[in-house]
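Fold and geometry: a report
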Amino acid sequence: MTIDAPPKPSISPYKHHVLLCTGPRCGEEGAGQALYDSLWTKLKAAGIHEGPGRTKFNSVNCFGACKGGPVMCVQPQGTWYYNVTPANLDRIIGEHLAGDQVVQDLVFHQSPQVDVSAQLGSAD
């Protein structure tokens, strides 16, 4: 008897993936969730909500980096932002997500750049 594997999932192309902490200890109670709830409208207003240049976003319950929250990570660059207030979120969207310029004064960690294609093997 052969068991069929489930179908392989797929994700539409995107440029950035935002992970935003909505946990109760990441900033003032409810601050992360309020930011998350505003993301779709803000991304749509910036024109980066659809197509291959879109910004995908998800909430995270805890990154384990609670000081200075709310905390947000932008992938694939691995840029970690702190003190993500509504005004700072607007800056990150305008400068980083839409403008490809990291907002340096809000960065608390930058992951090393890794060539993922080398890890996964090239599609020769």
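Rules used in this analysis
Residues numbered from 1 in each chain as written. Predicted model: local features only at pLDDT ≥ 70, side-chain atom pairs only at ≥ 80, totals over all residues. Heavy atoms only, no water. Helix = DSSP H or I, 4+ residues; strand = E, 2+ residues; numbered from the N terminus. Expected span 1.5 Å × (residues − 1). Bend = angle between axes of the 7 residues up to and from the residue. Buried < 20%, exposed > 50% of the residue type's maximum accessible area, 1.4 Å probe, protein only. Contact = heavy atoms within 4.5 Å. Pairing = 2+ DSSP bridges.

1. So, helix 1 (residues 31-46)
- Over its 16 residues, helix 1 runs 22 Å from end to end, which matches the ideal 22 Å to within 8%, given 1.5 Å per residue.
- Of all the bends in helix 1, the greatest measures close to 40° and is centred on Leu 39.
- Taken residue by residue, helix 1 has Gly 32, Leu 35, Leu 39 and Leu 43 as its buried positions.
- On the buried face of helix 1, the contacting elements are strand 1 (16-21), strand 2 (55-60) and helix 2 (86-97).
- Just downstream of helix 1 lies Gly 47, where phi reads positive at about 75°.

2. Section: the side chain of His 49
- The topology assignment puts His 49 in the loop between helix 1 and strand 2.
- Once you skip the residues sitting within four places of it in the chain, His 49 turns out to touch Trp 40, Leu 43, Lys 44 and Arg 54.

3. Observations regarding the pairing of strand 1
- For strand 1, the buried fraction is high: six of the six residues fall into the buried class.
- Here six bridges tie strand 1 to strand 2, and the two strands are oriented parallel to one another. Within strand 2, the residue paired with Val 18 across the bridge is Phe 57.
- Looking at chain direction, strand 1 and strand 3 (residues 72-75) are connected through four bridges and run antiparallel. Among the inter-strand pairings, Leu 19 is bridged to a residue of strand 3, identified as Cys 73.

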